Amino acid sequence: MKNNNTTIFTLVLLLLVSVALHAQQDFQGKAYYFSKTTMDLSRFNRGGEQMTEQRKKELETRFKSMLEKTYVLTFNKEESIFVEDEKLLSPVNSGRGFGGFASSFAPGPQYKNVKEKLYLQDQEFFGKQFLIKEDMEPLEWVMGKETKQIGQYLCFKATAKKVSNEVGFGPPRRGNDDDKEEDAAKKDEPKIVEVTAWYTPQIPVSQGPADYWGLPGLILEVTAGDTVMLCSKIVINPEEKTEIKAPRKGSVVTQAEYKEIVTKKMEEFRANRGRGNGRPGGGRGR
């Protein structure tokens, strides 16, 4: 009788462990983020003149679809995929000129595997497909004691510094020669960005938006340079699960290699723009 009870207890224990492991593997969440980037509009000054308020509003309207976006982070214990929300995608300037060029800088789906320390980004740029691949290196987070509430979640503050991989898509300044020399001198300097993140241990996954991760809880808000990303909604274990797939297609490049490709294209665009091409109405009429 004792042996039978031991056998039953062992079977029940194994069943409970199996259910717990399955539940952990089946865990998934979705976090929705609103991202806003501030652009230095002074670069668009014409002939060094002070920009009018009307001109500022025109530029803000023109670039709003590129500077304000909504993303969805789908995550489990080990993997995540960060993509622009297709439901809220709006057409951007896709014709000639700077608006069409800048729309090519929109980041593609970003995949992170925190167990394998693998980062992949599916990126299309001017009709060519790239697969950006990097070994994930955690930022040197400085954990703070400051807290704040984001929705129903208590969040803790963490700060770090990182080298920016972004390429500015604004035009060169139209000021004097000193301004242009300053731009040229800064071109090859690594840009160090101050990062402030707010994470919640109530969702104990080491995930976050874009390429941010490495904290003991989901990152709900992050400010890096001129960009702020704020989580507006979280769904834990949604009824319809989303398969998290690592991107596979495209020419494999590192972040540094991809940045060099984009920088060269940007310089080509600026050169053409300076000759009156690459913008609506550029050059002389017939």
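Rules of the game
- Residues numbered from 1 in each chain as written.
- Predicted model: local features only at pLDDT ≥ 70, side-chain atom pairs only at ≥ 80, totals over all residues.
- Heavy atoms only, no water.
- Pairing = 2+ DSSP bridges.
- Helix = DSSP H or I, 4+ residues; strand = E, 2+ residues; numbered from the N terminus.
- Axes fitted to C-alpha atoms, helices over the stretch in contact; angles between N-to-C directions.

Caption draft 1: Structural view of the pairing of strand β6 (residues 128–135). Strand direction decides the pairing type here: strand β5 (residues 118–125) and β6, joined by eight bridges, are antiparallel. Bridged to Asp122 within β6 is Leu131. Linking two consecutive strands that pair antiparallel, namely β5 and β6, is a turn of two residues; a positive phi of about 50° is found at Phe126 within it. Pairing of β6 with strand β12 (residues 251–253), which is carried by three bridges, proceeds in the parallel orientation. In the strand pairing of β12, Leu131 is matched with Val252.

Caption draft 2: Representation of the sheet that holds strand β10 (residues 218–224) within the structure. Spatial strand order, β7-β8-β9-β10-β11-β1-β2-β3-β4-β5-β6-β12: twelve strands in an open sheet with mixed pairing. At either margin of the open sheet sits one strand with a lone partner, and together these are β7 (142–150) and β12. Recorded for the sheet is a direction-independent mean angle of 20° between the axes of neighbouring strands. Bridge count for strand β2 (residues 68–75) against strand β3 (residues 79–84) is five bridges, and the pairing is antiparallel. Along β3, the bridge assignment pairs Tyr71 with Glu84.

Take it as geometry only, folks, not as evidence of what the structure does.
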